[in-house]
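Descriptive structure summary
Letter by letter, the chains look like this.
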Amino acid sequence: DPYADDPIRHPALRINSQRPFNAEPPPELLTENYITPNPIFFTRNHLPVPNVDPDTYRLHIVGAPGGQSLSLSLDDLYKFPKHEVTVTLQCAGNRRSEMNKVKEVKGLEWRTGAISTARWAGARLCDVLSQAGHRLGETEAHVCFEGLDSDPTGTAYGASIPLARALDPEAEVLLAYEMNGQPLPRDHGFPVRVVVPGVVGARQVKWLGKVSVESEESYSHWQRRDYKGFSPSVDWDTVDFDLAPSIQELPIQSAITEPQDGATVESGEVTIKGYAWSGGGRAVIRVDVSIDGGLTWQEAELQGEEQRPRKAWAWQIWQLKAQVPADQKELNIICKAVDDSYNVQPDTVAPIWNLRGVLSNAWHRVHVHVIS
Ligand code: MTE
Ligand code: MO
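Quick notes on the rules
- Residues numbered from 1 in each chain as written.
- Chains lettered and ligands numbered in written order.
- Predicted model: local features only at pLDDT ≥ 70, side-chain atom pairs only at ≥ 80, totals over all residues.
- Heavy atoms only, no water.
- Near = heavy atom within 4 Å.
- Polar contact = N/O pair within 3.5 Å; in protein donor to acceptor, adjacent residues only side chain to side chain.
- Areas by Shrake-Rupley, 256 points an atom, 1.4 Å probe, with all protein chains shown as cover.
- Helix = DSSP H or I, 4+ residues; strand = E, 2+ residues; numbered from the N terminus.
- Nonpolar A, V, L, I, M, F, W, Y, C, P; charged D, E, K, R; others polar.
- Salt bridge = Lys/Arg side-chain N within 4 Å of Asp/Glu carboxyl O.
- Buried < 20%, exposed > 50% of the residue type's maximum accessible area, 1.4 Å probe, protein only.
- Disulfide = S-S within 2.5 Å.
- Domains from an automatic or database assignment.
- Contact = heavy atoms within 4.5 Å.
- Buried area = accessible area lost by both parts, 1.4 Å probe.
- Pairing = 2+ DSSP bridges.

1. What to know about the site of ligand 1
Lining the immediate environment of ligand 1, one finds 20 residues, of which Phe42, Asp149, His188, Arg193 and Lys206 sit closest. One nitrogen or oxygen atom from the side chain of histidine 188 is found 2.6 Å from an oxygen atom belonging to ligand 1. Between arginine 193 and ligand 1, the recorded distance is 2.7 Å, taken from a side-chain N or O atom to an oxygen atom. Isolated, ligand 1 exposes 530 Å² of accessible area, and the fraction of that covered by the protein chains is 100%. If you list the elements that add at least two residues to the shell around ligand 1, you get strand S3 (43–44) and strand S8 (142–150). Looking at the shell around ligand 1 residue by residue, the classes come out as nine nonpolar, seven polar and four charged.

2. A closer look at the pattern of salt bridges
Under the defined criterion, the tally for this structure stands at 20 salt bridges. For aspartate 1, the salt bridge identified is with arginine 19, shortest N-O distance 2.3 Å. Of the two residues, aspartate 1 is situated in the segment before strand S1 (14–17) and arginine 19 in the loop between S1 and strand S2 (22–24); the sequence distance between them amounts to 18 residues. Among the residues examined, aspartate 1 registers a relative accessible area of 58% and is labelled exposed. Residue glutamate 170 pairs with lysine 311 through a salt bridge whose shortest N-O separation is 3.0 Å. Taken as a pair, glutamate 170 in the loop between helix H5 (163–167) and strand S10 (174–179) and lysine 311 in the loop between strand S19 (301–303) and strand S20 (316–324) lie far apart in primary sequence, 141 residues in all.

3. Quick look at the state of the cysteines
Counted by the stated rule, this structure contains zero disulfides. Just so you know, cysteine 126 is unpaired, no disulfide at all, and the nearest cysteine sulfur is the one on cysteine 144, 18 Å from it. Residue class for cysteine 144 comes out buried when judged on its relative accessible area of 11%.

4. Concerning the domain arrangement of the chain
Along its sequence, the chain is organised into domain 1 (14–243) and domain 2 (253–371). A C-alpha centroid distance of 27 Å is found between domain 1 and domain 2. Counting residues at the interface gives 47 residues for domain 1 and 40 residues for domain 2. Both faces combined, the contact of domain 1 with domain 2 buries some 3,800 Å², and carbon together with sulfur accounts for 57% of it. Ranking the residues of domain 1 by area buried against domain 2 places Tyr34, Arg95 and Met99 at the top, with a combined share of 21%. Our count for the contact surface shared by domain 1 and domain 2 stands at four salt bridges. Where domain 1 meets domain 2, there are 27 residue pairs in polar contact (both at pLDDT 80 or more).

5. Digging into unusual backbone geometry
Along the chain, arginine 19 connects to proline 20 via a cis peptide bond; the corresponding omega equals -5 degrees. For proline 20, the location among the structural elements is in the loop between S1 and S2. Residue proline 191 is bonded to the preceding phenylalanine 190 through a cis peptide linkage, with omega at 5 degrees. The residue proline 191 is located in the loop between strand S11 (182–183) and strand S12 (193–195) in this model. Positive phi, normally seen in glycine, also occurs at tyrosine 227, with a value near 55 degrees. For tyrosine 227, the position within the fold is in the loop between helix H6 (221–224) and strand S14 (253–258).

6. Thoughts on the side chain of lysine 273
Structurally, the position occupied by lysine 273 is in strand S16 (residues 268–277). Apart from residues lying up to four places away in sequence, lysine 273 is in contact with Thr31, Glu32, Ala255, Ile256, Thr257, Glu258, Ile317, Trp318 and Gln319.

7. Re the sheet that holds S2
The strand order across the open sheet formed by three strands is S1-S2-S3, and the pairing between neighbours is antiparallel. This sheet does not close on itself; its edge strands, each paired only once, are S1 and S3. Here three bridges tie S1 to S2, and the two strands are oriented antiparallel to one another. By the bridge assignment for S2, arginine 14 is matched with glutamate 24.

8. Some thoughts on the pairing of S10
Counting buried positions over the six residues of S10 gives six, a clear majority of the element. When strand S7 (residues 115–124) meets S10, the two strands line up antiparallel, connected through five bridges. Note on S10: the bridge partner recorded for tryptophan 120 is methionine 179. Sheet topology places S10 next to S12; three bridges connect them, and they run antiparallel. Across the sheet, residue leucine 175 finds its bridge partner in S12, namely valine 194. Inspection of the sheet shows S10 paired to S11 by two bridges, in the antiparallel sense. Counterpart to glutamate 178 in the pairing with S11 is proline 183. Counting the residues in the hairpin turn of S10 and S11 gives two residues, including asparagine 180, whose phi is positive at 50 degrees.

And the structure:
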């Protein structure tokens with residue numbers, strides 16, 4: 001059993017698949033803290049968790065022509081300036097279960113919890129790449145990452161991002177060795193993972209073994225044959241993965257974490273809570289909440305770290321205390337967020353349905369019963 005050596009997990013996690021391990025925190029725990037505690041940070045593994053010995057670990061950086069290749073121990077990595085940044089990670093499949101209700105999709109049944117936030121620390125990728133002689137050239141280039149996890153044929157998890165993002169100090173791409181002040185937990189990439197702020201989870205390669213600069217995107221299955229969006233009319237007979245770009249920056253997203261669908265609340269004051277986040281460093285500027293199915297809207301209060309212009313890498317937790325009249329029998333609660341490019345979420349799922357169930361970011365809706 002290649003999974004026999006997987007770590008022990010927190011019992012509060014909601015498991016979507018045991019082998020490989022995929023799990024999300026329950027909604028009420030997800031927004032209890034702005035920073036997600038490590039033990040309940042959502043976990044998305046495609047393969048068994050490798051057991052990496054930190055003493056013999058080496059990160060291989062392929063050098064530029066005329067530059068030098070590097071083989072970095074953890075101590076070598078610690079010698080680069082330590083950079084810290086708060087980043088929200090979201091899986092492209094977050095909220096896939098809502099898409100599945102419209103029409104069947106292929107993939108894990110994520111609810112609203114395939115998203116979490118941590119304070120990451122490590123070396124900046126731009127510093128390490130520049131030591132290996134890499135500069136921005138004139139041709140299109142990509143930085144390819146390979147994990148130390150592999151399938152039975154020996155194929156490793158891999159992904160890539162554009163070189164321009166990797167070399168941009170403002171993009172704050174990290175080779176992270178700390179998560180919330182602790183060494184990375186095994187499930188989240190011990191001892192080193194890539195953190196790419198504002199970008200889909202799939203590119204943030206865990207158990208990082210190798211970094212290289214190539215003229216093409218990574219040839220990994222997860223870069224080329226997965227994690228792409230398509231029109232609702234594309235099916236498994238007609239899909240051509242070469243025609244769609246790989247997902248990088250994610251669209252505006254928000255969801256309600258309290259109350260939960262089907263719950264019973266008391267009339268009077270009800271507290272509605274959730275998260276909102278946008279990709280590419282775009283700040284969340286507003287979250288609109290309705291308790292009457294979208295007839296009227298109220299603005300939620302946003303909480304969280306300052307949203308730096310173009311570098312708003314982390315989510316906002318939002319809250320609204322709404323007045324519920326005593327004669328009300330039920331509430332249809334909706335949330336929708338707006339980012340600083342005035343991108344909004346689509347109101348329904350069907351027009352953004354896609355066969356892989358990615359990029360599910362329609363207005364989030366919960367129905368609750370009211371007792372007085
Ligand atoms: N890196 C490796 N090596 N193997 C993986 O399976 N999964 C990716 C990414 N990095 C993965 C990986 C995906 S799809 C996501 S969403 C994030 O890791 C999840 O990171 P987390 O498990 O720390 O939340
Ligand atoms: Mo993912």
